[in-house]
Amino acid sequence: MRAAILETVRPIELAEIRAARERIATTIVRTPLVRLELGSGFPEIRLKLENLQPINAYKLRGAANAVAMLSEAQRQRGVWTISAGNAGQGIAYAAARAGAPCTVVVIETAPTSKVDRMRALGAKLIPTSYELAWKALEERSFPGVEGTFVHPFDDHNFIAGHATMGLEILEDAPDTAAVIAGIGGGGLITGVGSAIKALAPAVQIWGAEPETAAPAALSFAAGAPRAFEGWQASFVDGAGGQSVFPRMWSRMRPVVDGCIVVTLDETKRAMRMMAEKARVISEGAGALPLAAALTGKAGPGPIVAIVSGGNIDLSKFCELIASVAR
């Protein structure tokens, strides 16, 4: 198979972000930004509730923009992606609205809630291991799959869709001092960082990763993209990759200030805190930014913690938050 010709990595321009906002306005929800009341001794934290999107995750922003920008011929051929669940749901949702067939190469450890939702949205699912999925992300191909590939993070139009969130954050909280986003592939933080640095360059942009899978933190420490030796799967299935792709490093580095690593117990406590204090159900990746904010490493605030998704089996959620003390 001939290798795909990749578009040169370039900055996400403010005009592109504003155009994406108009393009996806009837598909996505402008999600609320709510203050988390923690009392004295804690940073001032606001939650950007992307778990309230129609697919319960931010990936719909990028998917809606990427699918909307495909040609009619590409849509007729169908689209496919690789996902642990949320990108797959986003592409399936956008494809269904566009009348396009959709295939998702889905990581076999994806939560049942995500798998069921992708299937309900009409996607054809092809299960595979995390290792083979990560390899397919690098190669942009998978045996037996046809159609237009929409990369779940290394795609300019996908990232521009995510960047619309940055516009909303600054409009709703112009006094924001820092924004924290979980890092999986890097598309979310690149998009949000691109929008915010263009409008308010003094705002710090921080990534968050779990201790079991923190290649971005290694990369920022080394000043170059790195792989994470000893990668381990965990309930934080939507963040923490095996490595930082060199193309994504080129995208992230100009708009991200650093990365904060948190423990799995800190992540569970953040999930519990959101449920108790804000009645928000967050998946593991969605709780990483709050856990990172609570370390104090991003300063006293105001901090916006992006709750990237809430797609988690409720029985698993209850098990996780019951396993840690308040």
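Placed above this text is the structure.
Note that this is a predicted model, so its numbers are computed, not measured.

(A) Here's a closer look at the overall build of the protein chain. A tally of helices and strands in the protein chain yields 13 helices and ten strands. The C-alpha radius of gyration computed for the protein chain amounts to 18 Å, which stays within 12% of the reference 20 Å derived for 326 residues, consistent with globular compactness. Counting only C-alpha atoms, the protein chain reaches 55 × 40 × 40 Å along its principal axes. In the protein chain, buried positions account for 59% of the 326 residues. Intrachain contacts of the protein chain at a sequence separation of at least 6 include 73% that bridge at least 24 residues. As presented, the protein chain carries roughly 13,100 Å² of accessible surface, and 52% of it is formed by carbon and sulfur atoms. Placing the 33 positive and 31 negative side-chain charges of the protein chain at their respective mean positions leaves the two points 2 Å apart.

(B) Structural view of the sheet that holds strand β2 (residues 45–49). Ordered by their spatial adjacency, six strands build an open sheet running β1-β2-β10-β7-β8-β9, and the pairing between neighbours is mixed. Either end of the sheet is taken by a strand with one partner, and the two such strands are β1 (33–36) and β9 (258–262). For this sheet the average axis-to-axis angle between neighbouring strands, irrespective of direction, equals 30 degrees. With five bridges joining them, strand β7 (residues 178–182) and strand β8 (residues 204–210) adopt parallel strand pairing.

(C) The arrangement of the pairing of strand β5 (residues 124–128) in detail. Here strand β4 (residues 102–107) runs beside β5; their pairing, made up of five bridges, is parallel. By the bridge assignment for β5, Thr103 is matched with Lys124. In this view, the connection linking β4 to its parallel neighbour β5 by way of helix α5 (residues 112–120) has right-handed handedness.

(D) Expanded view of the nonpolar core. Among the nonpolar cores identified, the biggest contains 36 residues, and Ile45, Leu47, Ile180, Val236, Met271, Met274 and Leu290 are the most heavily contacted of them. Elements with a contribution of two residues or more to this core: β2, β7, β8, β9, α11 (264–278), α12 (284–294), β10 (303–307) and α13 (314–322). Of the residues forming this core, the biggest block, seven residues, is contributed by α12. By size, the runner-up hydrophobic cluster in this structure holds 25 residues, among which are Val179, Val203, Ala217 and Met252.

(E) Highlighting the pairing of β4. Extensive coverage of β4 is indicated by the burial of six of its six residues. Alternating positions in β4 separate into two faces, Cys102, Val104 and Val106 on one and Thr103, Val105 and Ile107 on the other, with burial throughout. Where strand β3 (residues 79–83) meets β4, five bridges bridge the pair, whose relative direction is parallel. Following the sheet pairing, Val79 is matched in β4 by Cys102.

(F) Spotlight on the pattern of salt bridges. This structure, assessed with the given rule, holds 22 salt bridges. The residue Asp257 makes a salt bridge to Lys197 at a minimum N-O spacing of 2.9 Å. Of the two residues, Asp257 sits in the loop between α10 (246–252) and β9 while Lys197 sits in helix α8 (residues 187–199), which places them 60 residues apart along the sequence. A relative accessible area of 19% means that Lys197 is categorised as buried. Note that Lys268 is salt-bridged to Asp265, the shortest N-O span being 3.8 Å. Highlighted residues: Lys268 and Asp265, both in helix α11, separated by three residues, approximately one helical turn. Salt bridges sharing common partners tie together Arg35, Glu37, Glu44, Arg46 and Asp175.

(G) Inspection of α5 at higher detail. Within α5, burial applies to Lys114, Val115 and Met118. In a view along the axis of α5, the buried residues occupy a sector of 100 degrees, so they form one face of it. Packed against the buried residues of α5 are α4 (86–98), β4 and β5. Downstream of α5 by one or two residues, Gly122 has phi in the positive range, about 95 degrees.

(H) Summary view of the sheet that holds β4. Taken in spatial order, the four strands make up an open sheet running β5-β4-β3-β6, and their pairing is parallel. Both outer strands of the open sheet, β5 and β6 (148–149), are each paired with one neighbouring strand and no more. Where α4 meets the sheet, it contacts β3 and β4, and its direction lies at approximately 160 degrees from that of β3.

(I) Quick peek at the packing of α11 against α13. Their axes nearest at 8 Å, the elements α11 and α13 cross at an angle of 110 degrees. In terms of orientation, α11 and α13 fall into the roughly perpendicular class. On α13, the residues that touch Lys268, Met271, Arg272 and Ala275 of α11 are Phe317, Leu320, Ile321 and Ala322. Looking at the contact of α11 with α13 residue by residue, the classes come out as six nonpolar, no polar and two charged.

Calculation criteria
Residues numbered from 1 in each chain as written. Predicted model: local features only at pLDDT ≥ 70, side-chain atom pairs only at ≥ 80, totals over all residues. Heavy atoms only, no water. Helix = DSSP H or I, 4+ residues; strand = E, 2+ residues; numbered from the N terminus. Rg over C-alpha atoms; globule rule 2.2 N^0.38 Å. Buried < 20%, exposed > 50% of the residue type's maximum accessible area, 1.4 Å probe, protein only. Contact = heavy atoms within 4.5 Å. Areas by Shrake-Rupley, 256 points an atom, 1.4 Å probe, with all protein chains shown as cover. Lys, Arg positive; Asp, Glu negative; His and termini not counted. Charge placed at Lys NZ, Arg CZ, Asp CG, Glu CD. Pairing = 2+ DSSP bridges. Axes fitted to C-alpha atoms, helices over the stretch in contact; angles between N-to-C directions. Right-handed = clockwise from strand over helix to strand, strands pointing away. Core = buried A, V, L, I, M, F, W, Y, C linked by side-chain atoms within 4.5 Å. Salt bridge = Lys/Arg side-chain N within 4 Å of Asp/Glu carboxyl O. Arc of directions from axis to C-beta. Parallel < 35°, antiparallel > 145°, perpendicular 65-115°, else oblique. Nonpolar A, V, L, I, M, F, W, Y, C, P; charged D, E, K, R; others polar.

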